[in-house]
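Residue-level structural notes
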Amino acid sequence: MWDWLYPPLCGVCEAPLHKTERGVCIGCLLRLPQTFFWRNPKNNEGYYRLAALNPNLKGVVCGFWYTSGSPLRKWVQLAKYQGQPILLKVAATFLGQLILHEGQVPLQEVRGILPMPISPERLRQRGYNQAEWVARGLSEALKIPLLKGYWKRIHSTASQIGKVRTERWISLQGDFICEKKLPESVIVVDDVLTTGATLTAALHSLPSSTDVWIITVGITQRRS
Ligand SMILES: [Zn+2]
């Protein structure tokens, strides 16, 4: 009954939400700059960034551009640093619908969704793993189970950010462990794809018998 007096507000623009809207208003959702990568998961900027170093990679879908001026920057900021991870779930659910309706991902072959793990220190600091919220949204939209407790990151490498790409990749390699038997084909998810160095290090800890699709909510622009 309090909804009439105090209607829930959009998590991004704070406009009152319509009864059918959850967490974010439709205007904010439609303002996210779509990449259309779901139409070409093996032929896009995200795939090129990761394919060379990841032989088991089957395709990459990043939903929205995380470029300067993109509204997605505010979403991720609120989700990661201001306790609103639900925003990433909303964006991921929307992306899931786009993939279902117009995507070229053979979803029937995929048996599970694996969120990129964060270190125990980071988890304690933030209180949640933002990639897990992305995974929840995709899992609901795509009807593919979320695989929890399969994959771990042992310690934080925050101090290593800024090293050259190859050096950082080497330093990260031992930080991820896969502790359970994985299905033949999985989707690995994260919030934003940047250089791909961390994702590459993480993927190298998965068994070589597992095919991997990557889905992220955002992708940065290529550094020239
Ligand atoms: Zn809004």
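Shown above is the structure to which this text applies.
First things first, this report covers the structure right here in the doc. (Residues numbered from 1 in each chain as written. Predicted model: local features only at pLDDT ≥ 70, side-chain atom pairs only at ≥ 80, totals over all residues. Heavy atoms only, no water.)

**A closer look at the layout of surface pockets**
One number sums up the size of the second largest pocket: a volume of about 290 Å³. Every residue lining the second largest pocket is counted, 16 residues in all, and those nearest its centre are Pro117, Asn129, Glu132, Trp151 and Lys152. If you list the elements that add at least two residues to the lining of the second largest pocket, you get β2 (112-115), α6 (120-126) and β3 (151-153). Counting residues per element, the lining of the second largest pocket draws most heavily on β3, at 3 residues. (1 Å grid on protein atoms, 1.4 Å probe; cavity = no way out; pocket = protein on both sides within 12 Å on 5 of 7 lines; lining within 4 Å. Points joined across faces, edges and corners; volume = space filled by probe spheres on them. Helix = DSSP H or I, 4+ residues; strand = E, 2+ residues; numbered from the N terminus.)

**Describing the coordination of the zinc ion**
Looking at the zinc ion, one finds its protein donor set to be Cys10 (SG), Cys13 (SG), Cys25 (SG) and Cys28 (SG), positioned 2.3 to 2.4 Å from the metal centre. Seen from the zinc ion, its 4 donor atoms lie at angles of 105 to 116°, and the figure they make is tetrahedral. Taking relative accessible area as the criterion, Cys13 reaches 37% and is therefore assigned partly exposed. Overall, Cys25 belongs to the buried group, its relative accessible area being 10%. (Donors = N, O, S within 2.8 Å, 3.2 Å for Na, K, Ca; no water. Tetrahedral: all angles 85-135°; square planar, octahedral: opposite > 155°, others 65-115°. Buried < 20%, exposed > 50% of the residue type's maximum accessible area, 1.4 Å probe, protein only.)

**Some words on the pairing of strand β5 (residues 185-193)**
Across a regular strand the side chains alternate sides, sitting on one face of the sheet and then on the other. Within β5, 9 of the 9 residues are buried, leaving the element largely enclosed by the surrounding structure. Alignment of β5 against strand β6 (residues 211-219), held across 8 bridges, turns out to be parallel. For Asp190, the partnering residue across the bridge sits in β6 and is Thr216. At this point the chain moves from β5, through helix α9 (residues 197-203), to the parallel β6, and the crossover so formed is right-handed. (Pairing = 2+ DSSP bridges. Right-handed = clockwise from strand over helix to strand, strands pointing away.)

**A few points about the environment of Ile187**
Within the fold, Ile187 resides in strand β5. Those residues within four positions of Ile187 in sequence are excluded, and the remaining contacts are Leu107, Val110, Gly112, Ile113, Leu114, Leu142, Ile144, Trp213 and Ile215. (Contact = heavy atoms within 4.5 Å.)

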